[in-house]
Amino acid sequence: MVVAVIGCGAVGSLFAANLATLDDVEVWAYDLAREHVDAINRDGLRLTGAGEVTGRVRATSDAAELPPCDFGIVATKAMHTDAALAATAHAFAEGCVATVQNGIGNEEVLARYVQRVIRGTTFPAGKITAPGVVQWDVKGDTTLGPFEDRPAPFEQVERLADACTRGGMPTKAVEDARGPQWRKVIFNAATNPLGALTGLTHGRVCERPDLRRLASRLVDEGKEVAAAQGIVLDSDPEELIDYAARPEVAYDHKASMLQDVEARRQTEVDYLNGGIAGFGKKLGVPTPTHETIWALVKGVEASW
Amino acid sequence: MARVCVAGAGVIGSLFAAHLARVAEVSALTRREEHAEALRTRGLRVSGRADFTAELTAATDPDDLEPPDLVILSCKGTDLEAVASRIAGHWPDATVMTVQNGIGADEVVGRHGDWRSLAAVTFMSGTRHDDTHVQYVLDTATWIGPARGTTYADAQAVAALIVSSGLKAEAFEDLRPAQWSKLIFNATVNTVAALTGLPHDPHFAALDRPGDLGHLVKGLMDEGKAVAAAAGVELGEDPWEMNVLATRRGSAHYPSMLEDVEAHRRTEIDTITGALVRAAHRVGVPVPLHETMERLIKAKEDSWS
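Remember, it's a predicted structure, so these values are computed and weren't measured experimentally. (Residues numbered from 1 in each chain as written. Chains lettered and ligands numbered in written order. Predicted model: local features only at pLDDT ≥ 70, side-chain atom pairs only at ≥ 80, totals over all residues.)

### Some words on the domain arrangement of chain B
Residue and element names in this part refer to chain B.
Okay, step 1: In terms of domain boundaries, chain B breaks down into domain 1 (3–171) and domain 2 (176–303).
Okay, step 2: Domain 1 and domain 2 are separated by 25 Å when their C-alpha centres are compared.
Okay, step 3: Counting residues at the interface gives twelve residues for domain 1 and eleven residues for domain 2.
Okay, step 4: Across the side of domain 1 that touches domain 2, the residue classes break down as four nonpolar, seven polar and one charged. (Domains from an automatic or database assignment. Contact = placed C-beta atoms within 7 Å. Nonpolar A, V, L, I, M, F, W, Y, C, P; charged D, E, K, R; others polar.)

So, in structure tokens, the structure goes:
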């Protein structure tokens, strides 16, 4: 089978490199960073840290080079989804496309370009340390399910999940993938911006009782918005926050939003706190804390 | 000629000291000997809205200074406790005037001596270039009111002295409405600027789209107004209108808390937002937004310590 990873940043690279270790999968990566693409084509895509993997991946910045694919895995930053799909949708005319991006609202964008969409949520994390090299910081599970408005056939979801799992990225196929997605969105929206606004790592955010309570306030508002849509969270985001704060998990991890702020890149806050606030508004659920955090991070972006 | 001691010669203290030196005998009480010596030998230069160099005496020990009639405590709120303790036991006949941001400065001073006191809030601003050079930027007024053992007439006399020195000042029978307006304004504008890195600019009044910063600014000010109302204080100027007016002037002011954060210094969060949050708890008004800002600023301070 042929899989194209769209957006080969840290998370995209984890999928691409691991899938490329399988004999029955041909992996392509579409990314606009030329140095990264050239390094991947020259030396392979290398993962270090939580797993040592080097995958043979065909990388390109030219969407026209992509062959017809059975699957797409979209891993761009949420604000780049539209442009990435506009360029690459032709490769998925007969295939299914999954999003493993942060935030809410990505499936809706995919559905504007392709016929069969898979809702996805992934927990592994890392960072690009050099062109073609990604440090794998955190291992974790991925959940895939058909996107309700424009679903991929469930057996195709299972096929992709099986390949990911065999490649070393444990992945589950489920009928309703909203629960895991909202758990992660709530987790991210409750922790990432606190790191971004204060400069603290995940563990240091959590060990301050006042900030930990602030995270809980964000979690509570997020849970109410999820509940108002009939979404059953697969587990409590609070547990995930405390689990991630352990020294051996992600104590020292700088949230991607903090990495973005330090590099003065646009963040995903519109799809996290902004997404929750937007759904809250539609559903009549007040989210004053998410609105506060959203406005502050937008202010940070405006200060550059 | 009146004798004035300025305790804490940062931006505000330097602006007071230099101007008042033209109409009074002025001394500066500094923390560093090097600073005192520089002031004694080089004088204190003002640029910007005025341009002159003032002569004054300076020392790090109150015993080395002539007892003043008026002490202007112009240090930051974070240093108030330390500065007040240094003049404890000195100058029993002096009147002490506090000009710290926030509320409660007078209570802090009262723990160190039973001087007569005046409370002031100042809206002037400047930039400190070095120990002996301050740039006068915003020529807005200082408002003065009676506090302990003083009357409106005392406030008027000090206001008149300051006005005669070339700065703007006004006396009030009751300073609380002005103090609270400024507290709410400061607690909002300082924390939002410090967390976003934005100077006080038109973003602070933007309300067009959801997620615009003006919604948060308004929300913070509404919480503050509810606290003032519950505390029985009728506000002077409306903080939101102060915000809209200030951002419309086109200038982008860098609030001191933003400068503190950029220099990795401790901020005045405890005496500004902290004071508002404590007042809110006393009168039983919920202030979740201000609590959020307070936590974020304190955590940010921790990130460089």
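### Notes on the pairing of strand 11 (residues 142–146) of chain B
All names here are of chain B.
Okay, step 1: Within strand 11, five of the five residues are buried, which leaves the element mostly enclosed by the surrounding structure.
Okay, step 2: Burial along strand 11 is two-sided: the residues Thr142, Ile144 and Pro146 and Trp143 and Gly145 are all buried.
Okay, step 3: Where strand 8 (residues 116–122) lies against strand 11, five bridges are found, and the strand directions are antiparallel. In the sheet register, valine 121 faces strand 11, and the bridge partner there is tryptophan 143.
Okay, step 4: Sheet analysis places strand 11 next to strand 12 (residues 169–171), joined by three bridges and oriented parallel. By the bridge assignment for strand 12, threonine 142 is matched with alanine 169.
Okay, step 5: For the segment spanning strand 11, helix 5 (residues 152–164) and strand 12, crossover handedness is right-handed. (Buried ≥ 20, exposed ≤ 12 C-beta atoms within 10 Å, placed from the backbone. Helix = DSSP H or I, 4+ residues; strand = E, 2+ residues; numbered from the N terminus. Pairing = 2+ DSSP bridges. Right-handed = clockwise from strand over helix to strand, strands pointing away.)

### Remarks on the domain arrangement of chain A
Residue and element names in this part refer to chain A.
Okay, step 1: As assigned here, chain A comprises domain 1 (2–173) and domain 2 (178–302).
Okay, step 2: Summarising the inter-unit geometry, the C-alpha centres of domain 1 and domain 2 are found 24 Å apart.
Okay, step 3: Facing the 15 residues of domain 1 at the interface are 15 residues of domain 2.
Okay, step 4: Going through the elements one at a time, strand 8 (117–122), strand 9 (125–130) and strand 10 (133–138) are the ones with two or more residues in the side of domain 1 that touches domain 2.
Okay, step 5: In the side of domain 1 that touches domain 2, the residues fall into six nonpolar, five polar and four charged.

### Re the sheet that holds strand 8 of chain A
Strand pairing in a sheet relies on backbone hydrogen bonds. The paired strands run either parallel or antiparallel.
All names here are of chain A.
Okay, step 1: One open sheet accounts for eight strands, arranged 5-2-1-6-7-8-11-12; its pairing is mixed. The sheet terminates laterally at strand 5 (58–60) and strand 12 (171–173), the two strands that pair on one side only. Pairs of neighbouring strands in the sheet enclose a mean axial angle of 20°, with direction left out of account.
Okay, step 2: When strand 6 (residues 71–74) meets strand 7 (residues 96–99), the two strands line up parallel, connected through four bridges. In the sheet register, phenylalanine 71 faces strand 7, and the bridge partner there is cysteine 96.
Okay, step 3: Here helix 5 (residues 154–167) sits on the sheet in contact with strand 6, strand 7, strand 8, strand 11 (142–146) and strand 12, set at roughly 170° to strand 12. (Axes fitted to C-alpha atoms, helices over the stretch in contact; angles between N-to-C directions.)

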